[in-house]
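# Report on the structure
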Amino acid sequence: MAHDKIKAAARRRMAKTGESYAAARREVIREFRAASSSHPAGEPEWFAISYKDMGPISTWADTLRGGGPAGGRIEVDVGELRLRMADFKVDVPRASVRRAARSSHQTRGTIGVHARGGSWRANGSADGLVEIEFAPPCRTERSLSTLFRRMKVTELIVSLIDPDGFIAAVQGDGVHPHTGSWKE
């Protein structure tokens, strides 16, 4: 929704309800997101990262930085995918998702957040791996995991508790169900 439309709708709401501009604007944006979302409440769907193979000390350290079993997730929203694993954060426009499918990648016993070029792996387990490809590439947020640099992301490999549910949620908006490739 364009800024002018938000502003006009907020002013109309202010006239009807007597709310402040900020409160009216928040409600207008929330209503717009709820109306355009396939999820009933307009809230993003959360898919938890699997921490099955992560040891207790690593899980504790990950939890201290905002991840762990309670915080590690991918959020699927109408316009964006958001990955959160400890201090590692990536926000990707849904229009950039080109492929989402089960991964045959072998983790070779490594867990955590790792990168090679634009390919990133965020896993707490060797099971439930999902590969997500992006074009154009996006950038990470600055964090300890990225050495406080914004780094390029062309592919994510993530371990999820419900990989098939995640793939279905992403495929609901234009990804071919059999190949995992984007419908052209």
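Residues numbered from 1 in each chain as written. Predicted model: local features only at pLDDT ≥ 70, side-chain atom pairs only at ≥ 80, totals over all residues. Heavy atoms only, no water.

### A few points about the packing of aromatic side chains
Applying the stated criterion across every chain yields a total of two aromatic pairs. Look at F47 and F166: their rings are 5.6 Å apart centre to centre, the planes differ by 80°, and that puts the pair in the edge-to-face class. Here F166 lies in helix α5 (residues 163-171) and F47 lies in strand β1 (residues 45-48), a separation of 119 residues in the sequence. Residue class for F47 comes out buried when judged on its relative accessible area of 7%. For F166, a relative accessible area of 0% puts it in the buried group. Both rings, one in F88 and one in W120, keep their centres 4.9 Å apart while their planes meet at 25°; by these two values the pair is stacked. Of this pair, F88 sits in strand β4 (residues 88-93) while W120 sits in strand β7 (residues 119-123), placing them 32 residues apart in sequence. With respect to class, F88 is no different from W120; both count as buried. The ring of W46 is capped by R73, whose NZ or CZ atom sits 4.2 Å from the centre of that ring. (Phe/Tyr/Trp six-rings, centres within 6.5 Å; stacked < 30°, edge-to-face > 60°. Helix = DSSP H or I, 4+ residues; strand = E, 2+ residues; numbered from the N terminus. Buried < 20%, exposed > 50% of the residue type's maximum accessible area, 1.4 Å probe, protein only. Lys NZ or Arg CZ within 6 Å of the ring centre and 35° of its normal.)

### Digging into the pairing of strand β2 (residues 73-76)
In β2, alternate side chains face the same way, and those of R73 and E75 on one face and I74 and V76 on the other are all buried. Bridge count between β1 and β2: four bridges; the pairing is antiparallel. By the bridge assignment, A48 is partnered in β2 with R73. Direction of pairing for β2 relative to strand β3 (residues 80-85): antiparallel, over a ladder of four bridges. Bridged to I74 within β3 is L83. (Pairing = 2+ DSSP bridges.)

### Focus on the pattern of salt bridges
This model, assessed by the stated rule, comprises ten salt bridges. A salt bridge links R73 to E75; the nearest nitrogen and oxygen atoms lie 2.7 Å apart. No difference in accessibility class separates R73 from E75, as the two residues are buried. A salt bridge links E133 to R99; its shortest N-O distance comes to 3.2 Å. Placement of the pair is E133 in strand β8 (residues 129-139) and R99 in strand β5 (residues 97-102), with a sequence separation of 34 residues. Taking relative accessible area as the criterion, E133 reaches 28% and is therefore assigned partly exposed. Owing to a relative accessible area of 18%, R99 belongs among the buried residues under this scheme. Each of R73, E75, D77, E80 and R82 takes part in one network of salt bridges that share partners. (Salt bridge = Lys/Arg side-chain N within 4 Å of Asp/Glu carboxyl O.)

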